[in-house]
Amino acid sequence: MISTFEELPDIDAANVVRCARVLLRRPLLRADGPDGDLLPMIYRQRTALQDVFSGLLGYRLVVERRFARLHKSGPGEDAGRGVESLSPRGYAYFALTLAALTGIGRQVLLSRLVSDVRAAASEAGVEVADGPADRRALTAALRHLVALGVITETEGSVTADSTAEALITIDTDVLGQLVAGPLAEASGPQELVELASAAGPRRTEHAVRRKLVEDPVVLYADLPPEQATWLREHVINESRLLERFFGLVGEARAEGVVVCDPEDYLTDLAFPGPGTVARIALLALPELLDRGEPDPAGRHPVSWQDFADVCEDLVEAYPSAWSRAATEDRQDLVRAVIDLLGRLGLLRGSDGVWLLSPAAHRWLPQPDATPAQQQRESEPPAPEAPGWSLFDEMEEAAR
């Protein structure tokens, strides 16, 4: 299938797989960033890597000596993948800043950049204000661009202080590769999102394979009919491809496919995890799965009240196990649990009615303590009657 990869010696082929995994996790890889030490290897194997990504996933890979950029498909309607530091307002400022940086040169003062961002907002019909909330959102967008290596703080620092000044250097090469969607082909923002999330050249094959690589659980019921049919027919071969080229293990089930990374390197959100919300979400799954009959696809309907009841029972049953700050507001706790399960892909829906994925059956936790209301004070065991003593022989000798 991938002739360049097939011709490689075993060691080089293993290195290509290693590099492919790094690029899946870090689509914008810089020499001075995390995993940047692999950039020379990626540069050497760029031809094979480009063939792997274009042939299997329909992704475009750009490799330079200073950076590598894998142009993955956009998330489309999936709102579970995003930058935690960016609010919707922050994302708006991020897009406006990219527009302002285009054609501005290699260096600019922070005050000038902020002025250009506001001008771009006015041109786009986006209302902006010089209040604390907007300053924080703009600062978060700029800090994210610093983290990506698009801009560098040459003098001073990017802060929310409107009076602070800084000199910013722009990496125009990285800036030009940042947007994955085809800007020249889009007539507006909505079309750009649609084009960025569109399937690859081999439409059904690429669309399904992208889901398998990017999502831990792919259910037949969530796929369009033609994609579900194709996956059922090719599920064994696809599992082999995932393992051979990306080191992933696919498990075929009646409802769909579960994809695992044995090394957890490509796992962006670990579950089970530490913290009160993650532990309550884990312990809530068995009870939630017992509420209501599953639909034909194996998904269990659950409501807000179901979540509220289960979370309340767990908090009351194990009062000393949870963080007081996390359980003080029960409504916030329920929202946090729902949000976590949604980001994990285990929960779909809105407006108080959700469907719990059949993949939730994989977690069957066993509490290691008895609920508080069932605990009983156990009496200490009665001491045994003294038996033979170390002094017995001494007593006999004294007689």
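Scroll up a little and you will see the structure.
Please read these numbers as outputs of a predicted model, since none were measured by experiment.

Engineer: I'd like to hear about the overall build of the protein, residue by residue, with values.
Structural biologist: Tallying secondary structure elements over the protein gives 16 helices and twelve strands in all. Counting all 399 residues of the protein, 39% fall into the buried class. For the protein, long-range pairs separated by at least 24 residues make up 64% of all intrachain contacts whose partners lie at least 6 apart in sequence. Per element, the accessible surface of the protein, about 22,500 Å² overall, is 51% carbon and sulfur.

Engineer: How would you summarise the packing of helix H5 (residues 88–101) against helix H6 (residues 110–124) if you had to cite specific residues and measurements?
Structural biologist: It is the contact of H5 with H6, at a shortest axis distance of 8 Å, that shows an interaxial angle of 110°. Here H5 is positioned roughly perpendicular relative to H6, judged by the angle of their axes. For the pair formed by H5 and H6, the contact residues are Tyr93, Leu96, Thr97, Ala100 and Leu101 on the first element and Leu113, Asp116, Val117, Ala120, Ala121 and Ala124 on the second. A breakdown of the residues in the contact of H5 with H6 according to their chemical character gives nine nonpolar, one polar and one charged.

Engineer: Give me the lowdown on the packing of aromatic side chains, citing residues and values where you can.
Structural biologist: Applying the stated criterion across every chain, the model contains five aromatic pairs. With a centroid separation of 5.8 Å and an interplanar angle of 90°, the aromatic rings of phenylalanine 307 and tryptophan 354 are classed as edge-to-face. Of this pair, phenylalanine 307 sits in helix H13 (residues 304–317) while tryptophan 354 is found in strand S12 (residues 353–356), placing the two residues 47 residues apart along the sequence. In this structure, phenylalanine 307 and tryptophan 354 share a single accessibility class: buried. Relative to tryptophan 322, the ring of tyrosine 318 lies with its centre 6.5 Å away and its plane at 90°, an arrangement referred to as edge-to-face. As far as burial versus exposure is concerned, tyrosine 318 and tryptophan 322 are alike and both buried. Cation over ring: arginine 25 sits above tyrosine 265, and NZ or CZ is 4.6 Å from the ring centre. For arginine 46, the ring lying beneath its charged end belongs to tyrosine 43, and the centroid distance is 4.0 Å.

Engineer: So what's going on with the packing of helix H12 (residues 276–289) against helix H15 (residues 330–343)? Residues and values would help.
Structural biologist: Axis separation between H12 and H15 bottoms out at 9 Å; the angle between their running directions is 75°. Classified by the interaxial angle, the pair formed by H12 and H15 is roughly perpendicular. On the side of H12, the interface is formed by Val277, Ala278, Ile280, Ala281 and Leu285, while H15 contributes Leu333, Ala336, Val337, Leu340 and Leu341. Along the lines of polarity and charge, the residues of the contact of H12 with H15 split into ten nonpolar, no polar and no charged.

Engineer: Provide a residue-level description of the nonpolar core, including the pertinent values.
Structural biologist: Counting residues in hydrophobic clusters, the biggest one holds 45 residues, and the most contacted among them are Leu23, Leu49, Phe53 and Phe246. Mapped by element, the contributors of at least two residues to this core are helix H2 (10–25), helix H3 (39–44), helix H4 (46–56), strand S2 (60–63), strand S3 (67–71), helix H10 (203–214), helix H11 (225–246) and strand S9 (256–260). Split by domain, this core shows at least three residues from each of two domains, domain 1 (3–71) and domain 3 (203–260). Apart from residues no more than four positions distant in its own chain, leucine 23 is found in contact with Leu29, Ile42, Leu49, Phe53, Leu61, Ala68 and Leu70. Counting residues in each nonpolar core, the second largest holds 35 residues, with Ala284, Leu314, Ile338 and Leu341 among its members.

Engineer: Hey, could you go over H4 for me, with residue numbers and the actual values?
Structural biologist: The complete set of buried residues in H4 reads Ala48, Leu49, Val52, Phe53, Gly55 and Leu56. Note on H4: the residue one or two positions beyond its end, glycine 58, has a positive phi of about 70°.

Basis of the calculations
- Residues numbered from 1 in each chain as written.
- Predicted model: local features only at pLDDT ≥ 70, side-chain atom pairs only at ≥ 80, totals over all residues.
- Heavy atoms only, no water.
- Helix = DSSP H or I, 4+ residues; strand = E, 2+ residues; numbered from the N terminus.
- Buried < 20%, exposed > 50% of the residue type's maximum accessible area, 1.4 Å probe, protein only.
- Contact = heavy atoms within 4.5 Å.
- Areas by Shrake-Rupley, 256 points an atom, 1.4 Å probe, with all protein chains shown as cover.
- Axes fitted to C-alpha atoms, helices over the stretch in contact; angles between N-to-C directions.
- Parallel < 35°, antiparallel > 145°, perpendicular 65-115°, else oblique.
- Nonpolar A, V, L, I, M, F, W, Y, C, P; charged D, E, K, R; others polar.
- Phe/Tyr/Trp six-rings, centres within 6.5 Å; stacked < 30°, edge-to-face > 60°.
- Lys NZ or Arg CZ within 6 Å of the ring centre and 35° of its normal.
- Core = buried A, V, L, I, M, F, W, Y, C linked by side-chain atoms within 4.5 Å.
- Domains from an automatic or database assignment.

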